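Chain by chain, the residues:
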Amino acid sequence: MKAKNTLDLTYIKTMAANDPETMKALLQALQKELRTHLPKARKLYQAKDWNGLERFCHHFKSTISFAGHPGIVATNRALWDMAKAGADPSGKGAALIGQLEKQGQEISRQASKALKNL
């Protein structure tokens, strides 16, 4: 079993039919998505744009599903649920954003390692 905070390439390998060039393209797309879209979550949270944050999380779940990383999926889900509620009554939203960013950075690092091994 993969560790909770480890990139699992199973889905990417399946989608790429084990073709290294396709795997490379998918990993690069994942990194780009993390780099360009992940910073939006903090801005939306700080603006208390709950509808925008809900849309972000909905879109982001598709991106992270191929990382095979249950930790970031769970963090995104918790943030999505909060955004759907339209408030952060527990005050945990900032911590969730920080966790999402940290997990995204780790996935990007692991994707870089995987790219070097293709």
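I will try to describe carefully the structure that is included in this document. Because the structure is predicted, anything quoted here is derived from the model rather than measured.

Some remarks on the packing of helix H4 (residues 70-85) against helix H5 (residues 93-116)
Argument step 1. Here H4 crosses H5 at 150°, and the two axes come no closer than 9 Å. Taken together, the axis directions place H4 and H5 in an arrangement best described as roughly antiparallel. Relative to H5, H4 is oriented so that their crossing is left-handed. Facing H4, whose interface residues are Gly-71, Ile-72, Thr-75, Asn-76, Ala-78, Leu-79 and Met-82, H5 presents Gly-93, Leu-96, Ile-97, Gln-99, Leu-100, Gln-103, Gly-104 and Ile-107.
Argument step 2. Residue composition of the contact of H4 with H5, grouped by class: 8 nonpolar, 7 polar and no charged.

A few points about unusual backbone geometry
Argument step 1. Despite not being glycine, Ala-17 has its phi angle at roughly 50°, a positive value.
Argument step 2. Here Ala-17 lies in the loop between helix H1 (10-15) and helix H2 (20-46).
Argument step 3. Backbone geometry at Lys-48 places phi at a positive 55°, although glycine is not the residue there.
Argument step 4. Following the sequence through the fold, Lys-48 ends up in the loop between H2 and helix H3 (50-65).

Notes on the packing of H2 against H5
Argument step 1. Close contact between H2 and H5 brings their axes to 10 Å; oriented N to C, the two are set at 165°. In terms of their interaxial angle, H2 and H5 are classed as roughly antiparallel. At the point where H2 passes H5, the crossing takes the left-handed sense.
Argument step 2. Across the contact of H2 with H5, the residue classes tally to 13 nonpolar, 7 polar and 3 charged.

Scoring rules and cut-offs
- Residue numbering note: each chain is counted from 1, following its sequence as written.
- This being a predicted model, a pLDDT of at least 70 is required before a residue's local features are given, and a value of 80 or more before pairs of side-chain atoms are given or counted; all residues contribute to the totals for chains, interfaces and linings.
- With hydrogens and water set aside, each side-chain value is computed from the structure's full complement of heavy atoms.
- With axes taken as lines fitted to C-alpha atoms, and helix axes fitted only over the stretch in contact, angles between N-to-C directions fall between 0 and 180 degrees.
- We count a stretch as a helix when DSSP gives it H or I for four or more residues in a row; a strand needs E for two or more, and each element gets its number in order from the N terminus.
- Under this scheme an angle from 65 to 115 degrees is roughly perpendicular, one under 35 degrees roughly parallel, and one over 145 degrees roughly antiparallel; angles in between are oblique.
- For any pair of crossing helices, the crossing counts as left-handed if the nearer helix is rotated counterclockwise from the farther one by less than a right angle, and right-handed if it is rotated clockwise.
- Contacts are residue-level and defined by heavy atoms, with any inter-residue pair within 4.5 Å sufficient.
- Gly is put with the polar residues, along with every residue not named as nonpolar or charged; the nonpolar set is Ala, Val, Leu, Ile, Met, Phe, Trp, Tyr, Cys and Pro, and the charged set is Asp, Glu, Lys and Arg.

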